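A look at the structure
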Amino acid sequence: MSSAAESRRIAHTDGDAILNALPNPVMLVAPDGKIVDANMAAESFFEISTQLLRRQSLTELVPFGSPLLALIDQVRASGSPVNEYKVDLGTPRNGGDRQVDLHVAPFAERPGHIVVMLQERTIADKMDRQLTHRSAARSVIALAAMLAHEIKNPLSGIRGAAQLLEQAASSEDRMLTRLICDEADRIVTLVDRMEVFGDERPVARGPVNIHSVLDHVKRLAQSGFARNIKFTSDYDPSLPPVLANQDQLIQVFLNLVKNAAEAVVDLGTDGEIQLTTAFRPGVRLSVPGKKSRVSLPLEFCVKDNGPGVPEDFLPNLFDPFVTTKPSGSGLGLALVAKIVGDHGGIIECESQPRKTTFRVLLPMYNTAKNYNQGLGDDAPASSRAAQDAR
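Residues numbered from 1 in each chain as written. Predicted model: local features only at pLDDT ≥ 70, side-chain atom pairs only at ≥ 80, totals over all residues. Heavy atoms only, no water.

Let's talk about the packing of aromatic side chains
What the rule picks out here adds up to 2 aromatic pairs. Their ring planes at 70° and their centres at 6.2 Å tell us that Phe253 and Phe300 sit as a pair that is edge-to-face. Placement of the pair is Phe253 in helix H8 (residues 246-264) and Phe300 in strand E12 (residues 298-304), with a sequence separation of 47 residues. Using a relative accessible area of 1% as the deciding quantity, one classes Phe253 as buried. (Phe/Tyr/Trp six-rings, centres within 6.5 Å; stacked < 30°, edge-to-face > 60°. Helix = DSSP H or I, 4+ residues; strand = E, 2+ residues; numbered from the N terminus. Buried < 20%, exposed > 50% of the residue type's maximum accessible area, 1.4 Å probe, protein only.)

Set out below in structure tokens:
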């Protein structure tokens, strides 16, 4: 083989590797609409192997009359790239409601061929929304902390007065004084839960094996509230440790699993909860005040086959006091979102009937980097917390 041919072969191999390393789906579409090539991200998006994709026409993969088809015709006619935002490419095959940004451009090396790149909006939108609300949330948290402190003082007086009245009250009146005490205790419990949102102390973090956390949560659930529910798991055994506080991660996933169990309880033996872990390179978050972007490559999901979350609840699902349960307080998911946010991660929910997914994205533990910053395995929790707060 000549050196020139060898160079072309190496360049082609490197090109394929670079294309497959991209986190966004990329496809090359022929003039007749057939898919000539696609990267691994496209395989994941359409849930079809590259070999099968090459046998498909684009019209078979996207909704009927999709704007993507018109964009391709426009680019082919004009010879200029075009972008389109918030286009739904959801079909029953890929789960429905797949909002993407489209980037369509001509492929000069092959006349008539078009390169299509998709960028899913879900993660980006969740990141933007959480960062936008973070500063406003600080004001609400400060107000909640102040109210929590002020409410407890008069409540203790009310409860004390009710107990004094109970000593000289008739049996019927004792029912009323007991009701006063019980309701005062209930309010104190609610206030205590609200005070958690005002806790701005840095979180002591270190390397945590997420699979140990998930297995522990599963054992707790199966011995109690999820005793009759089927659990399945799909773990990536090569996953590196997550940079987190183990107790708080248990709290996060116990809340999510409990919600999933309550969602499938009416399905009886057909109810199922799935726990998955995966490595998703390419997800990076821009944090205000920091020049570098934070990488969130670790993905942990809690999935259930319940009826799903009503669509009008989804945008505000992680806000305090938002709940779909008649007797719920609406603080469980809000606390989950706070803990995940304190860890520098994000949480999102995708839901439709029989398929609801809560996805948590967190940073991984970098042994060399974290140890050099004083966050090594041997560093005390207080030292790690102080470093995290800087």
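Some points on the sheet that holds strand E3 (residues 82-88)
Across the sheet, 5 strands lie side by side as E2-E1-E5-E4-E3; this open sheet has antiparallel pairing. For this open sheet the edge positions go to strand E2 (35-38) and E3, each flanked by a neighbour on one side alone. Across the sheet, the mean angle separating the axes of adjacent strands is 25° when strand polarity is ignored. Across 3 bridges, the pairing between strand E1 (residues 26-29) and E2 is antiparallel. (Pairing = 2+ DSSP bridges. Axes fitted to C-alpha atoms, helices over the stretch in contact; angles between N-to-C directions.)

What about unusual backbone geometry?
At Glu47, a position not held by glycine, the phi torsion is positive, near 60°. Here Glu47 shows up in the loop between helix H2 (40-46) and helix H3 (50-53). A positive phi angle, near 70°, is found at Arg354, a position not held by glycine. By the secondary structure assignment, Arg354 is in the loop between strand E13 (346-352) and strand E14 (355-362).

Concerning the pairing of strand E5 (residues 114-120)
The pairing of E1 with E5 spans 4 bridges and is antiparallel. The partner of Leu28 across the bridge, within E5, is Val115. Examined bridge by bridge, strand E4 (residues 99-106) and E5 share 7 bridges and lie antiparallel to one another. Looking at E5, one finds that Leu102 is bridged to Leu118.

Considerations on helix H9 (residues 332-342)
Extensive coverage of H9 is indicated by the burial of 9 of its 11 residues. Along H9, the positions that sit buried rather than exposed are Gly332, Leu333, Ala334, Leu335, Val336, Ala337, Lys338, Ile339 and Val340. Of the residues one or two after H9, Gly344 is the one with positive phi, at around 80°.

Regarding the side chain of His113
Summarising the element assignment, His113 is placed in the loop between E4 and E5. Given a relative accessible area of 14%, His113 falls into the buried group. Sequence-distant contacts of His113, defined by excluding residues within four places in its chain, comprise Leu28, Val29, Ala30, Pro31, Val36, Pro106 and Phe107. (Contact = heavy atoms within 4.5 Å.)

Observations regarding the side chain of Thr357
Examined against the element boundaries, Thr357 turns out to sit in strand E14. Not counting residues within four places of it along the chain, the set of residues in contact with Thr357 comprises Cys301, Val302, Lys303, Glu348, Cys349 and Glu350.

Some details on the pattern of salt bridges
On inspection of all chains with the given rule, the structure shows 10 salt bridges. Across the pair Arg76 and Asp73 runs a salt bridge whose closest N-O atoms are separated by 3.8 Å. One end of the pair, Arg76, and the other, Asp73, are both in helix H4 (residues 67-78), 3 residues apart, so they sit about a helical turn from each other. One salt-bridge network, held together by shared partners, links Glu299, Glu348, Glu350 and Arg359. (Salt bridge = Lys/Arg side-chain N within 4 Å of Asp/Glu carboxyl O.)

Observations concerning the nonpolar core
Core analysis: the largest hydrophobic core is formed by 41 residues, its most contacted members being Leu249, Phe253, Leu256, Ile273 and Ile347. Contributions of two or more residues to this core are made by helix H7 (210-222), strand E8 (242-244), H8, strand E9 (272-279), E12, H9, E13 and E14. In terms of residue count, H8 provides more of this core than any other element does, 9 residues in total. Not counting residues up to four positions away in its chain, the partners in contact with Ile273 are Ile229, Lys230, Phe231, Thr232, Val257, Ala260, Ala261, Val302 and Lys303. Residues Leu71, Val104, Ile114 and Leu118 belong to the second largest nonpolar core, which totals 25 residues. (Core = buried A, V, L, I, M, F, W, Y, C linked by side-chain atoms within 4.5 Å.)

What about the confidence of the model for the protein?
Chain-level pLDDT for the protein is 77 on average; 72% of the residues reach the 70-or-more range. Low pLDDT, under 50, characterises residues 7-12; the stretch is placed with 1 contact to residues that sit more than four places away or in other chains. Long-range and interchain partners of residues 371-390, a stretch whose pLDDT sits below 50, account for 30 contacts in this model, where long-range means more than four residues apart. (pLDDT = per-residue confidence, 0-100.)

What about the sheet that holds strand E7 (residues 230-234)?
Spatially, E7-E9-E12-E14-E13 is the arrangement adopted by the 5 strands of the open sheet, whose pairing is mixed. A single partner strand is all that each edge strand has here, and the edge strands are E7 and E13. For this sheet, the mean inter-axis angle between neighbouring strands, taken without regard to orientation, is 15°. In this structure, E9 lies alongside E12, joined through 7 bridges in antiparallel fashion. The residue bridging Thr277 from the neighbouring strand is Phe300, located in E12. Each of E7, E9, E12, E13 and E14 is contacted by H8, which is oriented at about 25° to E12, the strand it contacts most.

What about the environment of Ala184?
Mapping Ala184 onto the fold places it in helix H6 (residues 171-195). When the C-alpha atoms of Ala184 and Leu155 are compared, they prove to be 6.2 Å apart, with 29 residues separating the residues in sequence. Not counting residues within four places of it along the chain, the set of residues in contact with Ala184 comprises Leu155 and Arg159.

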